[in-house]
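Okay, here's what each chain looks like letter by letter:
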Amino acid sequence: MVEWTGKQFAYQQVANDLRRRIADGEFADTGQLPSYGDLQKAYGVTVTVARTAINELKTDGLVVSHQGKGVFLTADAGRSAAQLADPGAALVELRQEVDRLRTEVGELRRRVTTLEGN
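Because the structure is a prediction, the values reported are computed rather than measured. (Residues numbered from 1 in each chain as written. Predicted model: local features only at pLDDT ≥ 70, side-chain atom pairs only at ≥ 80, totals over all residues. Heavy atoms only, no water.)

1. Side note on the pairing of strand E1 (residues 63–66)
Looking at chain direction, E1 and strand E2 (residues 70–73) are connected through 4 bridges and run antiparallel. The partner of Ser-65 across the bridge, within E2, is Val-71. What sits between E1 and E2 in their antiparallel hairpin is a turn of 3 residues, with Gly-68 showing a positive phi close to 80°. (Pairing = 2+ DSSP bridges. Helix = DSSP H or I, 4+ residues; strand = E, 2+ residues; numbered from the N terminus.)

2. What about the packing of aromatic side chains?
The full count for this structure, using the stated rule, is 1 aromatic pair. Taking the centre distance of 5.9 Å and the plane angle of 10° together, the rings of Phe-9 and Tyr-11 count as stacked. Residue classification places Phe-9 among the exposed residues on the basis of a relative accessible area of 57%. Owing to a relative accessible area of 22%, Tyr-11 belongs among the partly exposed residues under this scheme. (Phe/Tyr/Trp six-rings, centres within 6.5 Å; stacked < 30°, edge-to-face > 60°. Buried < 20%, exposed > 50% of the residue type's maximum accessible area, 1.4 Å probe, protein only.)

3. Concerning the nonpolar core
Membership of the largest hydrophobic core comes to 19 residues, with the highest contact counts inside it found for Leu-18, Ile-22, Leu-33, Ile-54, Leu-57 and Val-63. Contributions of two or more residues to this core are made by helix H1 (10–23), helix H2 (36–43), helix H3 (47–59) and helix H4 (77–85). With 5 residues, H3 is the largest single contributor of residues to this core. In this structure, Val-63 is in contact with Ile-22, Leu-33, Ile-54, Leu-57, Lys-58, Val-71, Phe-72, Leu-73 and Thr-74, ignoring residues within four places of it in sequence. (Core = buried A, V, L, I, M, F, W, Y, C linked by side-chain atoms within 4.5 Å. Contact = heavy atoms within 4.5 Å.)

4. Considering the packing of H1 against H3
For the pair H1 and H3, the least separation of the axes is 8 Å and the interaxial angle reads 50°. As judged from the angle between their axes, H1 and H3 are oblique. When the axes of H1 and H3 are compared, the crossing they make is right-handed. Contacts between H1 and H3 pair Ala-10, Tyr-11, Val-14, Ala-15, Leu-18, Arg-19 and Ile-22 from the former with Val-49, Thr-52, Ala-53, Ile-54, Glu-56 and Leu-57 from the latter. (Axes fitted to C-alpha atoms, helices over the stretch in contact; angles between N-to-C directions. Parallel < 35°, antiparallel > 145°, perpendicular 65-115°, else oblique. Left-handed = near helix turned anticlockwise from the far one by under 90°.)

5. Overview of the side chain of Arg-21
When you line up the elements, Arg-21 lands in helix H1. A relative accessible area of 14% means that Arg-21 is categorised as buried. Among residues more than four places away in sequence, those in contact with Arg-21 are Glu-26, Phe-27 and Tyr-43.

6. Side note on the pattern of salt bridges
In this structure the tally under the stated criterion is 9 salt bridges. Residues Glu-56 and Arg-19 are paired through a salt bridge, measuring 3.7 Å at the closest nitrogen-oxygen approach. Placement of Glu-56 in helix H3 and of Arg-19 in helix H1 is noted, with a sequence separation of 37 residues between them. A residue is classified by how much of its surface remains accessible, and Glu-56, at 28% relative accessible area, is partly exposed. The shortest N-O distance in the salt bridge between Arg-100 and Glu-104 comes to 2.1 Å. (Salt bridge = Lys/Arg side-chain N within 4 Å of Asp/Glu carboxyl O.)

Honestly, that's just the spatial picture; any functional story needs more than this.
Pasting the structure below:
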């Protein structure tokens, strides 16, 4: 259950809690989020709030919905949700990836220079 802060709209608080739960792997077994009705009951919100929260997750690329079937996690939803939940960690990871790519590009330059020299 979300502790309502009044600092954000209800749909934002529900979306943030769902992001956290996705990042924690809570829905990994089924790959499916609770229905709108279940979200309404769990969070004590209207269906409009539940839908808007899910739309936020769609915008983030964390979920897709299928009419009549439900809302499902995307392939990299857990990782993406973790990055959204902790931008600082995402920045560290991005810097590490940039360093790795710099090393690879340097190695490729060296190899091209060697090939061009022959």
